[in-house]
Amino acid sequence: MPETFLITGGSSGIGLALAHHAAKAGHRLILAALPGQELEDAERSFRASYPGIDLHLCPTDLTRPKGPDEVYAFTQSRHLDVDVLVNNAGVGTWGRLHTLDPEKEVKMIELNILALYKLTRLYLTPMQERQAGHILFIASIAAFQPNPYMATYGATKAFVRSFGLALYHELKDQGSAVRVTTVCPPAIPTAFQRVAGMERSALFSGWLASDVASVAAAVWKGYQQKSPQVIPSRLLSFLQPFIRLLPESWSIWMARRTLRQNLPE
Ligand SMILES: NC(=O)c1ccc[n+]([C@@H]2O[C@H](COP(=O)([O-])OP(=O)(O)OC[C@H]3O[C@@H](n4cnc5c(N)ncnc54)[C@H](OP(=O)(O)O)[C@@H]3O)[C@@H](O)[C@H]2O)c1
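For clarity, every value in this text was computed on a predicted model and none was experimentally measured. (Residues numbered from 1 in each chain as written. Predicted model: local features only at pLDDT ≥ 70, side-chain atom pairs only at ≥ 80, totals over all residues. Heavy atoms only, no water.)

### A short note on the nonpolar core
1) Next: In this structure, L6, V71, L85 and Y123 are the most contacted members of the largest nonpolar core, which totals 33 residues.
2) Next: Looking at this core, the elements with two or more residues in it are strand 2 (28-33), helix 3 (67-77), helix 4 (102-130), strand 5 (134-138), helix 5 (151-173) and helix 8 (234-243).
3) Next: What Y123 contacts, discounting residues up to four positions off in sequence, is L6, V71, Y72, T75, V82 and L85.
4) Next: Core analysis: the second largest hydrophobic core is formed by 28 residues, L29, L55, L136 and V183 among them. (Core = buried A, V, L, I, M, F, W, Y, C linked by side-chain atoms within 4.5 Å. Buried < 20%, exposed > 50% of the residue type's maximum accessible area, 1.4 Å probe, protein only. Helix = DSSP H or I, 4+ residues; strand = E, 2+ residues; numbered from the N terminus. Contact = heavy atoms within 4.5 Å.)

What follows is the structure, encoded as C-alpha cells:
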C-alpha cells in the first residue's frame, strides 16, 4: 500500500537518498527543502527515474517562523495525509563558540530544533486521530555526548534524540499505532560538511565516518522494522553499550580530540 512521505531536506544528502528508497518502493513523496537548484535537480532526477511518480515539491525556508505552518498548509491544500514524516533538514556549525556567527547559530537552532518540534506537533495530531503514521527524527552521533567545538550543533542533536526517544515511549505507553524512529548517523561527506565549513575537519575521514548510501539503507531498514533507534554504523552500534559504561569525560575527550583537528583560527 503506497504511503505519503514528507521529507524535510529531501533535496540533498541523507534526505535525498531516503527519498530514493521511498520512490523505489512506489510511495508518494513530498520534498520540503530550500528553494533553488538542488530541489529542481532532485525533481528532474525523480521524474526521469520513476515515471508516473506522485511527487510534490514544497520549497520553503524552515528557519522562518511560519515555515512549518506553510508546509502543513501546503499538504492540507493538496489533501495529502502524511503517513511518514521524516524530520531530516539540519545544518551544523564548527569552531570555538566565541568566533561563530551568532545569527548562523540561531538559524541552526531554529531549523534543527524549532522547525522539527513544530512539524512534529502539526502532523502528530492527525496521525494519532487516524491511529497510523511514523515519524523519523534524524539526530546524530553528536547527540550522545557534549561536543567541544560543535557545542551548539551537538546540543541541538541531543534535543532531537531525547525528544524522539521520549515520544517513542509516550506513544508506546498509550498503545498508539503511531511509530517513532530516532536515527543517529555518524559523519558522512555530504553538503552538510561544506555548509558547516568543515571541509578540513578530520571527522569525515575518521574511523567512524560512513557514506550516504549505507546510512540511508540502514535508516530505511529501521523504518521498515519500526525500530525505536537506529545507529547506522555496525561498529558504533556494537561499541555503544560499552562506551556508555565509560565515564562521560572519556567520550567528551574523544569528541574534542577529533573536532579540534584543523580547526579554523
Ligand atoms: N552529514 C553528516 O555528517 C551528518 C551526520 C549526522 C547527522 N546528520 C544530520 O542529517 C541531516 C541531513 O544532513 P545531510 O548530511 O544530508 O546534509 P545536506 O546534504 O546538507 O542536506 C540538508 C538538507 O536540508 C535542507 N535545508 C537546509 N537548510 C534548510 C532550511 N532553512 N529550510 C529547509 N530546508 C533546509 C537542504 O536544502 P538545500 O539542498 O536546498 O540546501 C538539504 O536538503 C541533518 O539533520 C544533519 O544534522 C548529518
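### Remarks on the layout of surface pockets
1) Next: Estimates place the volume of the second largest pocket at around 240 Å³.
2) Next: What lines the second largest pocket is A218, K221, G222, Q225, S227, V230, I231, P232, S233, R234 and S237.
3) Next: Of all the elements in the fold, those that place two or more residues in the lining of the second largest pocket are helix 7 (212-224) and helix 8.
4) Next: The dominant element in the lining of the second largest pocket, judged by the number of residues it contributes, is helix 7, at three residues. (1 Å grid on protein atoms, 1.4 Å probe; cavity = no way out; pocket = protein on both sides within 12 Å on 5 of 7 lines; lining within 4 Å. Points joined across faces, edges and corners; volume = space filled by probe spheres on them.)

### Describing the site of the ligand
1) Next: Near the ligand you find 30 residues, and of these S12, I14, N88, Y153 and T190 are the closest.
2) Next: In this structure, S11 approaches the ligand through a side-chain N or O atom, which is 2.8 Å from an oxygen atom.
3) Next: Contact between the ligand and I188: an oxygen atom at 2.9 Å from a main-chain N or O atom of the residue.
4) Next: Coverage of the ligand by the protein chains reaches 93% of its 900 Å² of free accessible surface.
5) Next: Listing elements by their share of the shell around the ligand, those giving two or more residues are helix 1 (13-24), helix 5 and helix 6 (191-195).
6) Next: Here the residues of the shell around the ligand sort into 16 nonpolar, eleven polar and three charged. (Near = heavy atom within 4 Å. Polar contact = N/O pair within 3.5 Å; in protein donor to acceptor, adjacent residues only side chain to side chain. Areas by Shrake-Rupley, 256 points an atom, 1.4 Å probe, with all protein chains shown as cover. Nonpolar A, V, L, I, M, F, W, Y, C, P; charged D, E, K, R; others polar.)

### Things to note about the packing of aromatic side chains
1) Next: What the rule picks out here adds up to ten aromatic pairs.
2) Next: Cluster of aromatic residues (ring-pair linked, three or more members): Y117, F137, F159 and F163. (Phe/Tyr/Trp six-rings, centres within 6.5 Å; stacked < 30°, edge-to-face > 60°.)

### Quick look at helix 1
1) Next: The first and last C-alpha atoms of helix 1 sit 17 Å apart over twelve residues, in line with the 16 Å expected at 1.5 Å per residue.
2) Next: Restricting attention to buried positions, one finds in helix 1 the residues I14, G15, A17, L18, A19, A22 and A23.
3) Next: Buried residues along helix 1 sit in contact with strand 1 (4-8), strand 2, helix 2 (37-49), strand 4 (84-87), strand 5 and helix 7.
4) Next: One or two residues past the end of helix 1 sits G26, with phi positive at roughly 85 degrees. (Expected span 1.5 Å × (residues − 1).)

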